[in-house]
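In case you want the letters, here they are:
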Amino acid sequence: MAQAKKSKSNDMRAVYVVDGARSPFLKAKGKPGPFSAANLAVGAARPLVARQPFEPDAFDEVILGCVMPGPDEANIARVVALRLGCGKRVPAWTVQRNCASGMQALDNAMQNIATGRSDLVLAGGVESMSHAPVLLTLPMVGWLADFNKAKSFGAKAGAVAKLKLSYLQPVIGLLRGLTDPVVGLSMGQTAENLAYRFKISRTQMDEFAVRSHHNLANALDNGWLSEIEALYDTHGNVYAEDDGLRRDSSVEKLAKLAPVFDRPFGTVTAGNSAQVTDGAAMLILASEDAVKKHQLPVLGRLVDCQWAGLEPAQMGLGPAHAMAPLLQRHDLKPGNVDYWEINEAFAVQVLACVEAWKDADYCKNELDSPGAIGEIDMTRLNVDGGGVSLGHPVGASGARIVLHVLKTLERTNTHRGMASLCIGGGQGGAMLVARD
Amino acid sequence: MDEQAKTMRHWRWEKDGDNIVWLYADNGDASTNVLSSVVLDELNAALDQIQGHSPRGLVILSAKENGFIAGADVKEFVPLKDEHEARGLIERGQRVFDRIEALPFPVVAAIHGFCLGGGMELALACHYRIADDDPSTKLGLPEVKLGLHPGFGGTVRLPPLIGAPAAMDMILTGRSVSARAAKKMGLVNYAVPSRQMTFAARQTILKPPPRAKATGWKAWTNHGLVRPLLAAYLRRQTAQKAPQEHYPAPYAVIDMWDRYGGDPKALLAEEARSLARMVLNDTARNLIKLFFLQERIKGLGRKKGYAPTRVHVVGAGVMGGDIAAWCAMQGLTVTLQDRRHENIAKVIKRAAGLYHKILKEPRAVTAALDRLIPDIPGHGVGRADVIIEAIFEDVEAKHKLFREIEPKAKADALIATNTSSIPLQVLGKALKTPSRLVGLHFFNPVSKMQLVEIVSGPDTDAEVAQRAAAFAKHISRLPVPVKSAPGFLVNRVLMPYLMEAVILETEGVPASVIDDAALKFGMPMGPIHLADTVGLDICKSVADILSKSLGGEVPKRLEQLVSTGNLGVKSGRGFYNYKDGKPERSKPDAGYAPPADLTDRLMFRMFNECVACLREGIVEDADLLDGGVIFGTGFAPFRGGPINYIRAQGVAAMRSRLMQLEARYGQRFREDEGWASL
């Protein structure tokens, strides 16, 4: 269990976010989308790096979160770093903490800057979910090995005779990835658990989903998504906006959708869950020395990060578990946070986190709090949309919400933000940020 | 070793513990190996020494970093006066190579970098060839590009080795192949990484495999019954690309292979006789001259220590986009600024197509695309070494842009414009330091047209122009310095020629007849088709600007087509109708006779303008004018350029033809004063 460690580690150096960019989040449409994970990350980072006053080889390291890189993208961070022109001497590494991989990359960058190992780091997350690998079954792999060993025509024919039709069934990597391998529940089923536990209705979920779309549309129309850098494919197409947005979304329309995970009686639908999406988000983190050396603008500061573990079947409550010790450590109440980004893996899961903090028993038993932690101001939560409307490319979302909450603080001239997400497998991650 | 030191400057050899001799080509006077007659004589002497040691085998390789051997020494062809002398020179080389082939021990050519022309023929005379599989390895017989053909046995040894179709393709087109392609076609025995070259050569000598030759159907292509059929096919193919009257060399190759293909000895003798004839004809003389001119122009871009790495291009239209794509392919990091995503998206698509075609290797394509960075806000300006303005031709808009760019640009950044019609002194007014502005005038399509006019206005700093030329060379284009006068060089000499074509068309000469006349002269594309391709609106606007300053009239027919929206290829209709981008050419009626002075009317308008440009000092000298016009318009290269052609035809005779034209058609054929001093 995550304890609220009191050490605020005053000897650590400050960690600044100087700039950031993300790709538009592109909804997966059944077949592989226009961009591989490396192309997404390069597409987002290239203009970001190009507008800096330093050369790309000035980075001390590149850290990237990614859950399922493509077969040609082993240690995708290194692939991306080299393609960005960082040069052979900039090391790069890839981190994986499922849905929080992008935040994990920021946490690692932050630690290395805080301890003085690095001064300037390119960090972020990427996922091309539409490119998730489709695999062969193990029996099929075994059969192929036997077939390749067979030398004579007769032996080959014998091997062919042993091939069973069932071997040919492909393994869809994406579906396996979205199923908890320990408790055997799909992520959607863990969300159904939360709906049951906190008595959150289908209508509440759908209303939250509609709100997500409306918030995103509003942000887009007001130009509040300036961190998006357009992507271009090689067929003359440009992708400039998140394409999962449904401006005409309504509770009535969402009510017509059938449940996906607990059929036929469940409440979690495609409409109130995060979209399966491709995207990347990249940030430049710097120490004070680097800020001074290159005369960099400062967008904000990464203050602290917290990880938490909980029951895998309740994984959607991860943010409640990760954010609580973070507030405690910094002597903060929910009201002290100006803006919140809680990743919308499922509408019900965000609502459940909010409910959990209002529930004195839950807070006492599960979060070591003397009483209810308090209320999150819904008008300051996911104000510019979230996973339900713009999608959740698993490796990228953690970086996206940190970047966006900082952009929101900048826009509203406020000071403290919280970004948090739930993590498949039963974890939560949270990052506290500030604009001084 | 003493025996070597005394006699040799260009070769050295050593014997290893396995009794294998390693013979290094190592030109004592240059960084590149070429086979001059001295080098060939020394090779002969080296073989004498080596044979005296009865080695187990011989490996021939190069001590130069850039490659094996670049070919024969073209300079030696220039002073040749008669066929007999030329033949003597060729046969001397043939004898050395025959000797290598006949050596009683295995001979291996270990090849890296370029292995071209005579170098390739030397490799062919060796018993085995091993190539470094690095992308820089290039094997080929490019003689035909100089109006020549191989002369040291290349036409004899290549067809039996790889089969006639592949051999003829290499010899007739002059294209070179990579090590891997060479392995695939049987040209080399092995393509190996450089770390394995020495070992591979040694093993080949210690355990010599059977010698390679074409087998199966490829072997049959050299059979006496097949040769005439294949030869006829090759003649037809060649005729589509290079007419025999202008380019005799490829036809000579086909003819002698057809006739003597079954008799290597006779073929070798004929190869020498034929090449001796080729060396002396005008085509080869002009192409060789052009080769040296090209080297001179490259030299204009020489600047030590200048290595730009970042380019910022503003304007993602056809020119701006193609310039950006080209620069990224040449290894530079390019930011491309435009107001519209859609324009940039089109550029990325075109760039991807170009890279796939030229770079092929998917990783190289990705790397080039990664270097081409869309930059709508224009962040790249401040980091760029070279900034190229390529927006629409509007003085106000360009002024506004330069006022934005100048304060952001690095102090030593080159600020360039790709304008084709606005004088530099006008554009420079927007700059605090007008001496910084230089013109980098590219031609469409950038990937094919090698010329870049380096335009200096009266304010342009000489050092800035020098840097612009160095930049052009850095991206493998040919810089020709020109003065900022309307049309600079290329558009100015092209425009009267295009306008005369329009007048002819208005008079009722069918467009296809006009175009055919130009093609027959040796232009790469007819003037009417060219006008349609450039866009009639663009032609008209350039013509308007030029006629204002240089006089003359823009034909009504052009205005009429533009005003009715017929803009050429891009609108599907101009002088021709276009289907899938190809013109629908109607044949003139049987019995139609084109005007006898058709070609003269077209070409003399251009010649007269060239003479005017030379007189006005738009370019420094006649050679640079010839080079500019050839590399910028594709002007018949085998004629050596317009001024070269005028002089070859006789200035007096040309003047009298021009005067006749003036008598017939008036003012527009009025002789320029410059003719008097040609």
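Residues numbered from 1 in each chain as written. Chains lettered and ligands numbered in written order. Predicted model: local features only at pLDDT ≥ 70, side-chain atom pairs only at ≥ 80, totals over all residues.

When helices and strands are tallied, chain B shows 28 helices and 19 strands. Taking 26 Å as the expected radius of gyration for a compact globule of 678 residues, we find that chain B reaches 27 Å, a close match to that expectation. Over its C-alpha atoms, taken along the principal directions, chain B stretches across nearly 80 × 65 × 50 Å. Put simply, chain B has 678 residues, and 52% of those count as buried. (Helix = DSSP H or I, 4+ residues; strand = E, 2+ residues; numbered from the N terminus. Rg over C-alpha atoms; globule rule 2.2 N^0.38 Å. Buried ≥ 20, exposed ≤ 12 C-beta atoms within 10 Å, placed from the backbone.)

This part covers the overall build of chain A. Looking only at helices and strands, chain A has 15 helices and 14 strands in total. Taken over the C-alpha trace, chain A has a radius of gyration of 22 Å; the compact-globule value for 436 residues is 22 Å, and the two agree within 12%. Taken along the three principal axes of its C-alpha coordinates, chain A extends 75 × 55 × 45 Å. Buried positions account for 52% of the 436 residues belonging to chain A.

Before going further, it helps to spend a moment on the nonpolar core. In terms of nonpolar packing, the biggest core is built from 358 residues, with Ala41(A), Val80(A), Leu285(A) and Val402(A) touching the most fellow members. With 11 residues, the top contributor of residues to this core is helix H20 (residues 490-506) of chain B. Once residues within four sequence positions are removed from consideration, Val80(A) is found in contact with Ala38(A), Ala41(A), Val42(A), Ala45(A), Val62(A) and Leu64(A). (Core = buried A, V, L, I, M, F, W, Y, C linked by C-beta atoms within 7 Å. Contact = placed C-beta atoms within 7 Å.)

Moving on, we come to the sheet that holds strand S12 (residues 372-374) of chain B. All names here are of chain B. Ordered by their spatial adjacency, 8 strands build an open sheet running S12-S11-S10-S13-S14-S15-S16-S17, and the pairing between neighbours is mixed. The open sheet has two edge strands, S12 and strand S17 (478-483), and neither has a second partner. Averaged over neighbouring strand pairs, the angle between their axes works out to 25 degrees when direction is ignored. (Pairing = 2+ DSSP bridges. Axes fitted to C-alpha atoms, helices over the stretch in contact; angles between N-to-C directions.)

Reports of interface size often rely on the accessible area that becomes lost once the parts have come together. Residues and elements named next belong to chain B. For chain B, the assigned domains read domain 1 (2-280), domain 2 (304-484) and domain 3 (491-677). For domain 2 versus domain 3, the separation of C-alpha centres amounts to 29 Å. The interface is formed by 11 residues belonging to domain 2 together with 12 residues belonging to domain 3. With 5 residues, S17 is the single largest residue contributor to the side of domain 2 that touches domain 3. Of the residues that constitute the side of domain 2 that touches domain 3, the class distribution is 7 nonpolar, 3 polar and 1 charged. (Domains from an automatic or database assignment. Nonpolar A, V, L, I, M, F, W, Y, C, P; charged D, E, K, R; others polar.)

This part covers the sheet that holds strand S7 (residues 128-132) of chain B. Note on sheets: strands pair through backbone hydrogen bonds, and any given pair is parallel or antiparallel. All names here are of chain B. Taken together, 6 strands build an open sheet; the order of strands is S1-S2-S3-S5-S7-S9 and the sheet is mixed. Each edge of the open sheet is held by one strand with a lone partner, namely strand S1 (11-15) and strand S9 (190-192). The mean angle between the axes of side-by-side strands here comes to 20 degrees, regardless of whether they run parallel or antiparallel. As judged from the 3 bridges shared by strand S3 (residues 57-62) and strand S5 (residues 107-111), these two strands associate in the parallel manner. Across the sheet, residue Val-59 finds its bridge partner in S5, namely Val-108.

The subject of this paragraph is the interface of chain B and chain A. The partner chain A presents 15 residues to the 16 residues of chain B that form the contact. For the side of chain B that touches chain A, the secondary-structure elements that each account for two or more residues are strand S11 (333-337), helix H15 (341-358) and S12 of chain B. Broken down by element, the side of chain B that touches chain A gets its largest block of residues, 8 residues, from H15(B). Grouping the constituent residues of the side of chain B that touches chain A by class yields 6 nonpolar, 5 polar and 5 charged.

What follows deals with the pairing of strand S12 (residues 339-342) of chain A. Residues and elements named next belong to chain A. Side chains of S12 alternate between two faces, with Tyr-339 and Glu-341 and Trp-340 and Ile-342 buried alike. Bridge count between S12 and strand S13 (residues 416-423): 4 bridges; the pairing is parallel. Looking at S13, one finds that Tyr-339 is bridged to Gly-417.

Residue and element names in this part refer to chain B. Where H15 contacts helix H16 (residues 362-371), the two axes come as close as 9 Å, and the packing angle between them is 145 degrees. Of the two possible hands of crossing, H15 and H16 adopt the one that is right-handed. Each of Ala-351, Ala-352, Tyr-355 and His-356 in H15 lies in contact with H16, whose residues at this interface are Val-365, Ala-368 and Leu-369. For the contact of H15 with H16, the residue count by class is 6 nonpolar, 1 polar and no charged. (Left-handed = near helix turned anticlockwise from the far one by under 90°.)

The next subject is the environment of Leu82(A). Mapping Leu82(A) onto the fold places it in helix H2 (residues 76-83). Taking the C-alpha atoms as reference, Leu82(A) lies 42 Å from Thr379(A); in sequence the two are 297 residues apart.

We now examine unusual backbone geometry. In this chain, Arg263(A) is followed by Pro264(A) through a cis amide linkage whose omega measures 0 degrees. Take Pro264(A): it is sitting in the loop between helix H9 (251-255) and strand S10 (277-286). In this model, Asn444(B) is joined to Pro445(B) through a cis peptide bond whose omega is -5 degrees. Examined against the element boundaries, Pro445(B) turns out to sit in the loop between strand S15 (437-442) and strand S16 (451-456). Notably, Asp368(A) is not glycine yet its phi reads approximately 55 degrees, a positive angle.

The next subject is the environment of Pro555(B). Residue and element names in this part refer to chain B. Tracing the sequence through the fold places Pro-555 in the loop between helix H23 (536-550) and helix H24 (556-563). Along the primary structure Pro-555 and Val-502 are separated by 53 residues, whereas in three dimensions their C-alpha atoms are 6.9 Å apart. In this structure Pro-555 touches Met-499, Val-502, Ile-503 and Thr-506, once residues within four positions along its chain are discounted.

Turning our attention to the packing of helix H14 (residues 318-329) of chain B against H15(B). Residues and elements named next belong to chain B. Between H14 and H15, the least distance of the axes is 9 Å, while the angle of their chain directions is 40 degrees. In terms of orientation, H14 and H15 fall into the oblique class. Judged by the sense of rotation from one axis to the other, the crossing of H14 with H15 is right-handed. For the pair H14 and H15, the contacting residues are Gly-321, Asp-322, Ala-324, Ala-325, Ala-328 and Met-329 in the first and Lys-346, Val-347, Arg-350, Ala-351, Leu-354, Tyr-355 and Ile-358 in the second. When its residues are assigned to classes, the contact of H14 with H15 shows 9 nonpolar, 1 polar and 3 charged. (Parallel < 35°, antiparallel > 145°, perpendicular 65-115°, else oblique.)

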